[in-house]
Amino acid sequence: MSLTAALNSAVSALRVNQAQVQLASANIAHAQDPNYTKKSLKTESVTFGNGQVGGVMISGYASTLSVTLRKQVEAQTATSGASDAANDYMARIQDLLGTSADQSSLTKAMNSFLSAWQDFQSEPDSAAAQQAIIGAGAQIGDEIHRVAAGIDQIDTDVRTDLGSSVDQLNDLLKQLFQVNLQMKTAQTDSSASADLMDQRDNLVKQIAQYVDVRTVEQDDGSVSLFTAAGLQLLDGPPSLFAFDGTNVIRVSDGASINNQLNGGRIHALLNFRQDSSASGKPVSMDPGTEVIRKLRAQLDMIVGALTTTAGTPPSLSAAYNAAGTSQRVSASFQTTVKPTPTQAQYSTVSFSGALQTGDIFAVTVQGKNFSYTATDGDKSLDQIAAQIAAQINADTTLGITAIPGTASLQLVGNNLGQSFTVQTTVNNQIPELDGNLFTGSNRYDFQMNAALLNGSLQLKKNSAADVVNAMTTTDRNFLATGIALTSVSYSSMMSGVVGNSISGAKMLSDQAKFDSDALNMSTQRYQSDTGVNLDEEIANLQVLQNAYAASARLLTVVQEMFDTLQNAVR
């Protein structure tokens, strides 16, 4: 080897060592970055004519790769993204319903209602016991409304989340497209190309949080993306997607792509609020699918169970309706026509029962009391109606006309759109509610009978035993979307609905933890194979320092030999 070749070899070695030291330093600086893969130099020997070694040169940069592990991480990322999304929203459902079936607000409200009826059975003349029942019944209505409103809010939040998730997917696809363009123009095996590969893989992993992806890598390092079902996400320019409130659609043609999204957050959110009722398909029994639909149907089931008068054994409402009144004679009223700008109010007072001398009938209109005590000469309730009508018509300040009828009294407002209040009693007792303990047909309009709430009617004192028996009977069956409860009572129906949700939430929570652990294991394996090992890099630095010192020493020796040669020539 000539002195010139030796000098070139030493200089080139110094340059390579310097680059390797810089690269090792960069590796160490990014040791805690999960999106960074270990970088290394590619080198090759330089030769001159006649096979003389001329040193070493940098031929390129390489990232440590493990394609199999990388794809495994991407798949686990999609799986974990889906289970996390379902678990997060199911946890909110449990916050709404309660985490204990027996201690949930719905179950407690029903238990309080039963307890109040049992007290009323013991003390049927107790006004406090009546009010306890009415208050507990109102609480059931309030709880159903609260849960219904909470479910609607969660549904709204899931829709919002879907919209933002689709927007984020579009943004990530655009970013990946830009990285693809840069990779096409970057020099192969350059440091820039290696860094772009890290950016590319990180973006693909972020995209996998939203949809399960399949990657196809091109010769220039750029990638094409497809879903597991073959939907093109990125192949050249990125596809653009949107959420229309129900479906995720492809903007280019407006086609729904719901069925082409498998895994990932978007798929889980679509499943959570899916409603297949229109298709006639059976409801999914997966705890994270059609959750909103199931809960709404189950709330309506509760409403139906409390309002229906059909079925065997007799329902709560049927038991109440069938009970006889405790009042020998009574007077009730009903507003048959509500006042409007073009219509006067019509209210009808109805008298019923067996009339006796001394019965005191009172009708309060607009706060004014009109009463009449039956005499020996009063033989029918028609006469009672006529007597009270005469009193009302004598008061010209009311603006109301009373028209007596057969055991009834029609009250008509004299002015259009003007409302007036009515209250009736017989022997200082307000009338008993004949039927319809609860009103409404769904989770939104369900309530305790308004006449009980406003105090114009009271509960039938003779109904308590039958109602308590109906509520404690345990051979009832309740069916709704996603649930089947057999041989239960009304309280068990409430706890069954909550317990069913708790069971589903536990399954989702366990699945989310399993998927998270699996993702962490895959990520650790990937980082172990492709990430930076500090001990290894520090050891490499020591080796590089020794190599640098050796190359520097070689330069010194060559320089000394040149000096010796020059001196000899002189």
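Above this text sits the structure in question.
Let me sum up the structure you'll find in this document. Being a predicted model, the structure only gives us computed values, none of them experimental.

### A few points about the overall build of the chain
Phase 1: Helix and strand counts for the chain stand at 13 helices and 18 strands.
Phase 2: Burial status across the chain gives 45% buried among its 570 residues.
Phase 3: Nonlocal contacts in the chain, meaning residues at least 24 apart in sequence, comprise 64% of its contacts between residues at least 6 apart.
Phase 4: Here the chain has roughly 26900 Å² of accessible surface; of this, 49% comes from carbon and sulfur atoms.

### Description of the nonpolar core
Phase 1: With 97 residues, the main nonpolar core has Phe 113, Trp 117, Ile 266 and Leu 437 as its most contacted residues.
Phase 2: No other element matches the 20 residues that helix H4 (residues 127–185) contributes to this core.
Phase 3: In contact with Trp 117, not counting residues within four places along its chain, are Ile 133, Tyr 320, Leu 437, Leu 459, Ser 463, Ala 464, Val 467, Val 468 and Met 471.
Phase 4: Residues Val 329, Ile 400, Ala 402 and Leu 411 belong to the second largest nonpolar core, which totals 25 residues.

### Regarding helix H11 (residues 464–472)
Residues lying three or four places apart along an α-helix face the same way, a consequence of the helix completing one turn every 3.6 residues.
Phase 1: For H11, the full list of buried residues reads Ala 464, Val 467, Val 468, Ala 470 and Met 471. One face of H11 carries all of its buried residues, which in axial projection span an arc of 160 degrees.

### Thoughts on the side chain of Asp 161
Phase 1: Considering the arrangement of structural elements, one finds Asp 161 in helix H4.
Phase 2: Among the polar contacts listed, one links the side chain of Asp 161 to the side chain of Tyr 89, at a separation of 2.8 Å.
Phase 3: Separated by 2.7 Å, the side chains of Asp 161 and Arg 265 make a polar contact.
Phase 4: The residues touching Asp 161, leaving out its near neighbours within four places in the chain, are Tyr 89, Arg 265 and Leu 269.

### Structural notes on the sheet that holds strand E10 (residues 360–365)
Phase 1: Taking strand neighbours across the sheet as the criterion, the three strands line up as E11-E10-E14 in an open arrangement whose pairing is antiparallel. The open sheet has two free edges, formed respectively by strand E11 (368–373) and strand E14 (422–426), since each of these has just one partner strand. Across the sheet, the axes of successive neighbouring strands diverge by a mean angle of 15 degrees, strand direction being ignored.
Phase 2: In this structure, E10 lies alongside E14, joined through five bridges in antiparallel fashion. For Ala 362, the partnering residue across the bridge sits in E14 and is Thr 425.
Phase 3: Sheet strands in contact with helix H9 (residues 381–394) are E10 and E11, and its direction is about 145 degrees off that of E11.

### Points about the sheet that holds strand E8 (residues 329–337)
Phase 1: Taking strand neighbours across the sheet as the criterion, the four strands line up as E8-E9-E13-E12 in an open arrangement whose pairing is antiparallel. At either margin of the open sheet sits one strand with a lone partner, and together these are E8 and strand E12 (400–405). Neighbour to neighbour, the strand axes of the sheet diverge by 20 degrees on average, direction disregarded.
Phase 2: Bridge analysis of E8 against strand E9 (residues 346–353) gives eight bridges, and the strand direction is antiparallel. Residue pairing for E9: Ser 332 is matched across the bridge by Ser 350.

### Considering unusual backbone geometry
With the exception of glycine, most residues fall at negative phi, and the peptide bonds are largely trans.
Phase 1: For the bond from Thr 312 to Pro 313, the omega torsion is 0 degrees, close enough to zero to count as cis.
Phase 2: Here Ala 407, not a glycine, exhibits a phi torsion of approximately 50 degrees, which is positive.
Phase 3: Among the secondary structure elements, Ala 407 is positioned in the loop between E12 and strand E13 (408–413).
Phase 4: Non-glycine residue Ser 487 carries a positive phi angle of around 55 degrees.
Phase 5: Take Ser 487: it is sitting in strand E18 (residues 483–488).

### Regarding the packing of helix H2 (residues 67–97) against H4
Phase 1: For the pair H2 and H4, interaxial distance at closest approach is 10 Å and the crossing angle is 165 degrees. Comparing the axis directions of H2 and H4 gives the class roughly antiparallel. Both H2 and H4 take part in a crossing whose hand is right-handed. Only Arg 146, Val 147, Gly 150, Ile 151, Gln 153, Ile 154, Asp 157, Val 158 and Asp 161 of H4 make contact with H2, whose side of the interface consists of Tyr 89, Arg 92, Ile 93, Leu 96 and Leu 97.
Phase 2: Class assignment for the residues of the contact of H2 with H4 results in eight nonpolar, two polar and four charged.

### A word on the side chain of Ser 317
Phase 1: Along the chain, Ser 317 falls in helix H8 (residues 316–322).
Phase 2: Beyond its immediate chain neighbours, meaning those up to four positions away, Ser 317 contacts Leu 306, Thr 307, Thr 308 and Thr 309.

### Remarks on helix H7 (residues 291–307)
Phase 1: With 17 residues, H7 extends 25 Å between its outermost C-alpha atoms, agreeing within 8% with the 24 Å of an ideal straight helix rising 1.5 Å per residue.
Phase 2: Among the 17 residues of H7, 12 are classified as buried, and the element is accordingly described as predominantly covered.
Phase 3: All of the buried residues along H7 are Val 291, Ile 292, Arg 293, Lys 294, Leu 295, Gln 298, Leu 299, Met 301, Ile 302, Val 303, Ala 305 and Leu 306.

### Considering the pairing of E10
Phase 1: In this sheet, E11 lies alongside E10 in antiparallel orientation, the contact comprising six bridges. When the bridges of E11 are listed, Ala 362 appears paired with Ser 371.
Phase 2: In sequence, E10 turns back onto E11 through a hairpin of two residues, with Gln 366 there showing a positive phi of about 50 degrees.

Conventions adopted
Residues numbered from 1 in each chain as written. Predicted model: local features only at pLDDT ≥ 70, side-chain atom pairs only at ≥ 80, totals over all residues. Heavy atoms only, no water. Helix = DSSP H or I, 4+ residues; strand = E, 2+ residues; numbered from the N terminus. Buried < 20%, exposed > 50% of the residue type's maximum accessible area, 1.4 Å probe, protein only. Contact = heavy atoms within 4.5 Å. Areas by Shrake-Rupley, 256 points an atom, 1.4 Å probe, with all protein chains shown as cover. Core = buried A, V, L, I, M, F, W, Y, C linked by side-chain atoms within 4.5 Å. Arc of directions from axis to C-beta. Polar contact = N/O pair within 3.5 Å; in protein donor to acceptor, adjacent residues only side chain to side chain. Pairing = 2+ DSSP bridges. Axes fitted to C-alpha atoms, helices over the stretch in contact; angles between N-to-C directions. Parallel < 35°, antiparallel > 145°, perpendicular 65-115°, else oblique. Left-handed = near helix turned anticlockwise from the far one by under 90°. Nonpolar A, V, L, I, M, F, W, Y, C, P; charged D, E, K, R; others polar. Expected span 1.5 Å × (residues − 1).

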